[in-house]
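Listed below, chain by chain, are the residues.
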Amino acid sequence: MFRISALLAAALCAVVLTGSVNPATAQDRRVPASQAELRLSFAPIVQRVAPAVVNVYAAKVIQNRNPLLDDPIFRRFFGVPGQQPEQMQRSLGSGVMVDPSGLVVTNNHVIEGADQVKVALADKREFEAEIVLKDTRTDLAILRLKNVHEKFPTLDFANSDELQVGDMVIAIGNPFGVGQTVTHGIVSALARTQVGITDYQFFIQTDAAINPGNSGGALVDMTGHLVGINTAIFSRSGGSQGIGFAIPANMVRVVVASAKNGGKAVKRPWLGARLQAVTPEIAETIGLKAPAGALVASVTPGSPAARAGLKLSDLIVSIDGQPVEDPNAFDYRFATRPLGGTSQIEVQRNGRPVKLTVALETAPDTGRDEITITKPSPFQGAKVANISPALADELHLDPGAEGVVVTALVDDGMAASVGFMKGDIILAVNNKKIARTADLERAVSEAGRLWRITLLRGGQQIQVMLGG
């Protein structure tokens, strides 16, 4: 403490001896010149947008199961009760009204698995809501209020691509269930890719205070337009530490449009190529000044990428004039393009710029033949499907992948307990090739005490042997 005081005294002496402080600093500070300047406030923006921000309450019934019931000796001597006690599990989040008819956007993780969803408006009224669309790839869901006969206030979308670091923003939501709360901050960063909560890693980072319960709430700009949906925080304590993430409005717009058109799933453009990041080593090898862009690792024959003339080792540097920093940036920008048109992609090929026109169309999704394996086997409880281009794109498989892939697992199924994972491609069972779901169904029907299984996971072939 003494040392700090001594240094401060020395600094003050230096100011006295020089006779002045920095004149520029003094000129930047002034007393408010009017009563109006004293009353500068975010209140007008908040009053306009707050009625369109809602609270979302989700509830699901869970069965309390006694682990002793799994013991056959216990069941034999004590019997099995007919009905196990149920418990209501509740979650809380926020949402934004995006259509006057009562359409609400929120986070998918807020309503995941819910049996009942309620929406509370800013004026305290509550409505039952139905889930219109869920998109796990973006962690967004669309709700519709039931039995309503009025028009609701909404928020208009901003062009989130026009945001800049340093822009002021306001976050509105229901943190910790205390009620509608408004915080403000700035855009701390753009295009954050290391969040790891959705397929599209391209988030707005803000230091506006965001806490549990804010998920699904609005991030608005100084014009009162929606620039993002708050979805996650980085925190060591569970509370706000000034690092919050929002899904950009341009991605939200795509999901909302799909719901308005009556779709049960979001349709996006399909490129038909696998991209990889440019590492410093790769950049040095191909003569780049900086490791930026998306390098083409493979192209699916007949895909939009192939028809456009995209080739192996092409380096994608921009799409429709917007720079591409990495594969995540390309995936986001390509996914937000409207279907039916074209996009202009610029690539570097052998050191020369080449412009390509790519058609914006959906991936073919035929012949999935999705089934759930129920017969006793290591695959019991696994949902499997034939790989289509749409499924390969959804599960981030190689665009040219073929065969049978695990699409889901039942929590208490044998497949989950032995270690199968979503995205595993089943190549062979007991030395028999598995090309279609019917092949796997036939293989598990042939009872055996030993199972030799060959699968592909993350590009690596794995062979396992299981008994039973």
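Only a predicted model underlies this, so the values are computations on that prediction, with no experimental measurement involved.

## Describing helix α7 (residues 249–260)
Working step 1: Taking 1.5 Å of rise per residue, twelve residues should cover 16 Å, and α7 covers 16 Å from first to last C-alpha, within 8% of that figure.
Working step 2: Taking burial as the measure, the twelve residues of α7 include nine buried ones, the bulk of the element.
Working step 3: Here α7 has its buried residues at A249, N250, M251, V252, V254, V255, V256, S258 and A259.
Working step 4: One or two positions beyond α7, positive phi appears at G262, with a value near 85°.

## Side note on the environment of P248
Working step 1: Along the polypeptide, P248 turns up in strand β12 (residues 244–248).
Working step 2: Owing to a relative accessible area of 5%, P248 belongs among the buried residues under this scheme.
Working step 3: Each C-alpha atom, one on P248 and one on Y332, is 9.7 Å from the other, the two residues being 84 residues apart in sequence.
Working step 4: Excluding residues that lie within four positions of it along the chain, P248 makes contacts with S160, F202, F203, I204, V227, G228 and Y332.

## Remarks on the confidence of the model for the protein chain
Working step 1: In the predicted model, the protein chain carries a mean pLDDT of 84, and the fraction of residues at 70 or more is 84%.
Working step 2: The model gives residues 1–27 a pLDDT under 50, and that stretch makes two contacts with residues more than four places away or in other chains.

## A few points about the pairing of strand β22 (residues 425–429)
Working step 1: Counting buried residues in β22 gives four out of five residues, a clear majority hidden from the surface.
Working step 2: Examined bridge by bridge, strand β21 (residues 404–409) and β22 share two bridges and lie antiparallel to one another. Looking at β22, one finds that V404 is bridged to I426.
Working step 3: Bridge analysis of β22 against strand β24 (residues 450–457) gives four bridges, and the strand direction is antiparallel. Bridging across to β24, V429 finds its partner in I453.
Working step 4: Pairing analysis gives two bridges linking β22 to strand β23 (residues 432–433), with the strands arranged antiparallel. By the bridge assignment for β23, A428 is matched with K433.

## Here we look at the environment of G242
Working step 1: Residue position: G242 is located in the loop between β11 (226–233) and β12.
Working step 2: Sequence spacing of G242 and A208 is 34 residues, and the spatial spacing of their C-alpha atoms is 6.4 Å.
Working step 3: Once residues within four sequence positions are removed from consideration, G242 is found in contact with T206 and D207.

## A short note on the pattern of salt bridges
Working step 1: One pass over the structure, following the stated rule, counts 15 salt bridges.
Working step 2: Where R125 meets E150, a salt bridge forms, and the shortest distance between an N and an O atom there is 2.8 Å. Note that R125 is positioned in the loop between β4 (116–120) and β5 (126–135) and E150 in the loop between β6 (140–145) and β7 (168–173), a separation of 25 residues in sequence.
Working step 3: Of the residues examined, R125 reaches a relative accessible area of 34% and is grouped as partly exposed.
Working step 4: Between R137 and D393 there is a salt bridge whose closest N-O contact spans 3.5 Å.

Rules used throughout
- Residues numbered from 1 in each chain as written.
- Predicted model: local features only at pLDDT ≥ 70, side-chain atom pairs only at ≥ 80, totals over all residues.
- Heavy atoms only, no water.
- Helix = DSSP H or I, 4+ residues; strand = E, 2+ residues; numbered from the N terminus.
- Expected span 1.5 Å × (residues − 1).
- Buried < 20%, exposed > 50% of the residue type's maximum accessible area, 1.4 Å probe, protein only.
- Contact = heavy atoms within 4.5 Å.
- pLDDT = per-residue confidence, 0-100.
- Pairing = 2+ DSSP bridges.
- Salt bridge = Lys/Arg side-chain N within 4 Å of Asp/Glu carboxyl O.

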